[in-house]
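# Chain and residue survey
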Amino acid sequence: MIIAIDGPAASGKGTLAKRLAEHFALPHLDTGLLYRAVGRVALDRGLELDDADATAEIAELLDVAELDETRLRGREMGEAASIVAAHPKVRKALLDLQRRFAHQRGGAVLDGRDIGTVIAPGAEVKIFVTAAPEIRARRRHLELEKRGDAPPYEEVLADIRKRDARDAGRTDAPLKPAPDAHVLDTTALDVESAFAAALLLANRHKD
Ligand code: CDP
């Protein structure tokens with residue numbers, strides 16, 4: 001069973017994907033980390049994030065085993081990831097790796113922006129997780145506060161709106177629900193209720 005979880009920034013898709021993967025004992029790939037890592041390496045090397053060729057080269061040589069999640073979760077990395085993720089060459093360089101992960105024997109859970117539309121259009125379960133921007137900004141703000149890296153709430157909200165617009169507006173693999181995805185609006189749901197709703201959808205497929 002392939003479970004594809006997509007959605008905008010701070011919608012709760014990562015937490016949901018992790019919980020589903022644990023529940024079904026499936027391997028999980030947070031595909032956002034791949035784009036964050038490409039952005040991180042580019043910045044470390046002093047390269048321009050707008051440079052499609054240079055960032056695609058980084059993507060081609062990316063070693064997934066070396067992803068250091070704590071370093072990639074910082075506020076500026078989401079923005080950097082979204083800039084490099086708009087380059088078709090970067091997306092192409094990361095495609096096979098993600099498809100192989102999705103189609104491994106036994107199944108997998110992947111979360112990102114284009115799992116249900118591009119990476120695994122045949123996924124048995126597709127969930128598009130969303131929530132009002134103000135709620136997502138509040139969640140992200142709390143998360144950043146825990147890291148000791150929180151700007152004012154208004155700035156987090158502005159970041160989120162900007163990233164939504166860039167991710168949804170790009171021509172290659174824009175953020176949008178697959179036609180057969182279940183849209184899960186978590187504006188009024190806590191983690192447990194969102195998990196329960198997703199579990200219902202996944203089990204419906206299994207039965
Ligand atoms: O956790 P959050 O939703 O803030 O970010 P993320 O899932 O780590 O993704 C960071 C950025 O990577 C997004 O804003 C997208 O531009 C890009 N991304 C993408 O284009 N395709 C994916 N499958 C996953 C992430």
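What comes next is a walk through the structure. (Residues numbered from 1 in each chain as written. Predicted model: local features only at pLDDT ≥ 70, side-chain atom pairs only at ≥ 80, totals over all residues. Heavy atoms only, no water.)

## A closer look at the side chain of K13
As a reminder, the rule being used: To qualify as a helix, a DSSP run of H or I must reach at least 4 residues; to qualify as a strand, a run of E must reach at least 2; elements of each kind are numbered from the N terminus. Only protein chains enter the accessibility calculation, which uses a 1.4 Å probe. A residue is then buried if its area is under 20% of the maximum for its type, exposed if over 50%, and partly exposed in between. Counted charges follow a simple rule, with Lys and Arg positive, Asp and Glu negative, and His plus the chain ends left uncounted. Salt bridge, as applied in this entry: a Lys or Arg side-chain nitrogen positioned within 4 Å of an Asp or Glu carboxyl oxygen. Whether two residues are in contact is decided by their heavy atoms, any of which lying within 4.5 Å being enough.
Locating K13 in the fold gives a position in helix α1 (residues 13–24). Buried and unpaired, K13 has no salt bridge, with D111 as the nearest side chain of opposite charge at 5.0 Å. Apart from the residues within four sequence positions on either side, K13 is in contact with I5, D6, G7, P8, D111, G112, R113 and V129.

## Some words on the pattern of salt bridges
Overall, the coordinates contain 18 salt bridges when judged by the stated rule. The closest approach of N and O atoms between R140 and E143, which form a salt bridge, is 3.3 Å. Within this pair, R140 and its partner E143 are both found in helix α8 (residues 133–147), separated by 3 residues, close to a single helical turn. Through salt bridges with shared partners, a single ionic network connects R40, D44, R71 and E76.

## A word on the site of the ligand
We apply this condition: For this purpose, a residue is taken to be near a molecule or strand whenever a single non-hydrogen atom of the residue falls within 4 Å of it. Under this definition, polar contacts are N or O atom pairs within 3.5 Å; protein pairs additionally need one hydrogen-donor-capable and one acceptor-capable atom, and for neighbouring residues in sequence, both atoms have to be side-chain atoms. The Shrake-Rupley method, run with a 1.4 Å probe sphere, supplies the accessible areas, and residue values consider only the shown protein chains as cover. Just so you know the grouping, Ala, Val, Leu, Ile, Met, Phe, Trp, Tyr, Cys and Pro go in nonpolar, Asp, Glu, Lys and Arg go in charged, and all remaining residues, Gly too, go in polar.
Close to the ligand lie 19 residues; K13, R36, R140, R163 and D167 are nearest. Taking R36, its side chain carries an N or O atom lying 2.6 Å from an oxygen atom of the ligand. At 3.0 Å from an oxygen atom of the ligand is found a side-chain nitrogen or oxygen belonging to R113. For the ligand, whose free accessible area comes to 530 Å², the fraction covered by protein is 97%. Of all the elements in the fold, those that place two or more residues in the shell around the ligand are α2 (32–44), α5 (75–84) and α9 (153–169). The leading source of residues in the shell around the ligand is α2, at 3 residues. Residues belonging to the shell around the ligand are distributed by class as follows: 5 nonpolar, 4 polar and 10 charged.

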